[in-house]
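One-letter residues, chain by chain:
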Amino acid sequence: MTNLSGKDLDTHGASTGERARSNIFIKIIGFSLGLTLVFTLVTQLLPQVEGEAPVERRVDLDSLTMDAFVAMGEDLFMNKGTCTLCHKPPPLGRAPDIQGMDMVSTSAKRLADPRYQGEAKDAAGYIHESMLDPSRFVVAGWGKKGSNDTVSPMPAIDKPPIQLSAMEIDAIIAYLQAKDGNEVTVSLPSPEAAAEVAAAMPAAGGVLSASAATAEETLGKYACSSCHAMDSADVLVGPGLGAVGARLSEAEIRQSIVDPSAVIVEGFPPAMPLDFAEKMTVKELRMIVTFLAEKK
Ligand code: HEC
Ligand code: HEC
């Protein structure tokens, strides 16, 4: 764990409490000042919250140890990989709570399932296949609505918007094996491969560091399209946003993003991540709100 910034890993443990506190804060002023003012406040607070002062993160390539590789996998799982958007403990989770499950013994169960038709032979193979070809085997009860567990709502994570490299995928497998004390069966990347990825890795917060330049880039950065079809009304995890501007005002769209619990669309689970307001810059929020409002 020494080579990667411990801070980023730790803040995840603390963020629920902080979020709870900030939610109470928002509710209290919400009562007295009214929602519109709160949104103005939230918007003005944003740049200070996730400022433009990134924390430096370095991977020491000459001495990349398995511990560091596992830590990198955990970081990718939490940040750039966006896995925790869906994979979190019930009741908020929109997918199996794989951080709370021993994925090595779970994989053995999946491979022994009579419905299993994939090509994996072991845990690493199963986890790899689950990430790149999620519909190959759909965990019972978690399939896309109406698909009778034949189609997975999980996006292939080697494709945009998530687009992890082969090395990053291995790091996540290493993390999922190591977190329960299982033997790590993926090998460490060559120093050359590691150097390439480290060079491409933003200085801080994985993919969530640099401010996005366009609305499209912002939607990719926060993986909105993992859960929303952007050009149609197709239902993924959330409603299609193809014509969201015809149904919601700009203020309502902004509210859906910064305070998703305020209105839950009928027939959908409350699955919108709650921390976009903490993570987005003012400019990013403004760009996507305008972009979505124009979708009519
Ligand atoms: C948009 C939501 C979503 C995102 C993002 C997502 N997943 Fe999934 N994932 C699912 C769902 C739903 C399932 C269960 C259905 C299935 O079997 O595909 C699943 C299944 C899995 C499984 C198999 C679990 C089991 O119990 O057999 C693994 C492993 C997995 N995901 C890993 C990942 C990793 C690693 C990431 C991040 C790089 C990720 N997922 C991102 C929704 C998501
Ligand atoms: C993990 C899945 C997930 C992610 C990621 C996600 N959303 Fe959502 N979103 C949902 C779900 C589920 C709903 C419907 C339930 C609700 O209202 O909270 C929703 C609702 C919405 C709505 C209201 C739609 C309507 O018809 O009223 C908007 C707008 C929206 N999301 C925008 C976004 C944007 C922009 C992002 C990225 C910054 C994003 N969402 C990321 C799951 C997600």
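So, how was this worked out
- Residues numbered from 1 in each chain as written.
- Chains lettered and ligands numbered in written order.
- Predicted model: local features only at pLDDT ≥ 70, side-chain atom pairs only at ≥ 80, totals over all residues.
- Heavy atoms only, no water.
- Near = heavy atom within 4 Å.
- Polar contact = N/O pair within 3.5 Å; in protein donor to acceptor, adjacent residues only side chain to side chain.
- Nonpolar A, V, L, I, M, F, W, Y, C, P; charged D, E, K, R; others polar.
- Core = buried A, V, L, I, M, F, W, Y, C linked by side-chain atoms within 4.5 Å.
- Buried < 20%, exposed > 50% of the residue type's maximum accessible area, 1.4 Å probe, protein only.
- Helix = DSSP H or I, 4+ residues; strand = E, 2+ residues; numbered from the N terminus.
- Donors = N, O, S within 2.8 Å, 3.2 Å for Na, K, Ca; no water.
- Tetrahedral: all angles 85-135°; square planar, octahedral: opposite > 155°, others 65-115°.
- Salt bridge = Lys/Arg side-chain N within 4 Å of Asp/Glu carboxyl O.

Per an unreviewed UniProt entry, the recorded name for the protein chain is Cytochrome c, and the organism is endosymbiont of Ridgeia piscesae.

The next point concerns the site of ligand 1. Taken together, the neighbourhood of ligand 1 is formed by 30 residues, with C83, C86, H87, Y126 and M154 sitting nearest. Within the backbone of P134, an N or O atom sits 3.4 Å from an oxygen atom of ligand 1. Within the contact set of ligand 1, an oxygen atom lies 2.6 Å away from a side-chain nitrogen or oxygen of S152. Classifying every residue of the shell around ligand 1 gives 21 nonpolar, 7 polar and 2 charged.

This part takes up the nonpolar core. Of all hydrophobic cores here, the largest spans 30 residues; its most connected members are F69, F77, Y126, M131, I172, I173 and L176. Listed by contribution, the elements that provide at least two residues to this core are α3 (66–78), α5 (123–132) and α6 (166–178). Examining the composition of this core, we find that 8 residues originate from one element, α6, more than from any other. Among the nonpolar cores identified, the runner-up in size contains 17 residues, and M230, L241, F276 and A277 belong to it.

Before going further, it helps to examine the coordination of the iron atom of ligand 2. The coordination sphere of the iron atom of ligand 2, as far as protein atoms go, consists of H228 (NE2) and M272 (SD), spread over 2.0 Å. Each of the 6 donor atoms bound to the iron atom of ligand 2 contributes to angles spanning 80 to 178°, and the resulting shape is octahedral. Taken together, the residues H228 in the loop between α8 (215–221) and α9 (244–247) and M272 in the loop between α10 (250–258) and α11 (276–279) connect sequence positions 44 residues apart. Here M272 falls in the partly exposed class, since its relative accessible area comes to 27%.

This next bit is on the site of ligand 2. Close contacts around ligand 2 come from 25 residues, with C224, C227, H228, R247 and M272 the closest. Between H228 and ligand 2, the recorded distance is 2.8 Å, taken from a side-chain N or O atom to a nitrogen atom. Taking V263, its main chain carries an N or O atom lying 3.4 Å from an oxygen atom of ligand 2. Of the residues assigned to the shell around ligand 2, the class counts are 21 nonpolar, 3 polar and 1 charged.

Attention shifts here to the pattern of salt bridges. Throughout the structure, instances matching the rule amount to 8 salt bridges. Across the pair E168 and K80 runs a salt bridge whose closest N-O atoms are separated by 2.9 Å. Separated by 88 residues along the polypeptide, E168 in helix α6 and K80 in the loop between α3 and α4 (103–112) bring together distant segments of the chain. Relative accessible area serves as the criterion here: at 3%, E168 is assigned to the buried category. According to the relative accessible area criterion, K80 is buried, its value standing at 19%. Taken together, the shared-partner salt bridges in this structure form one network comprising E119, D133 and R136.

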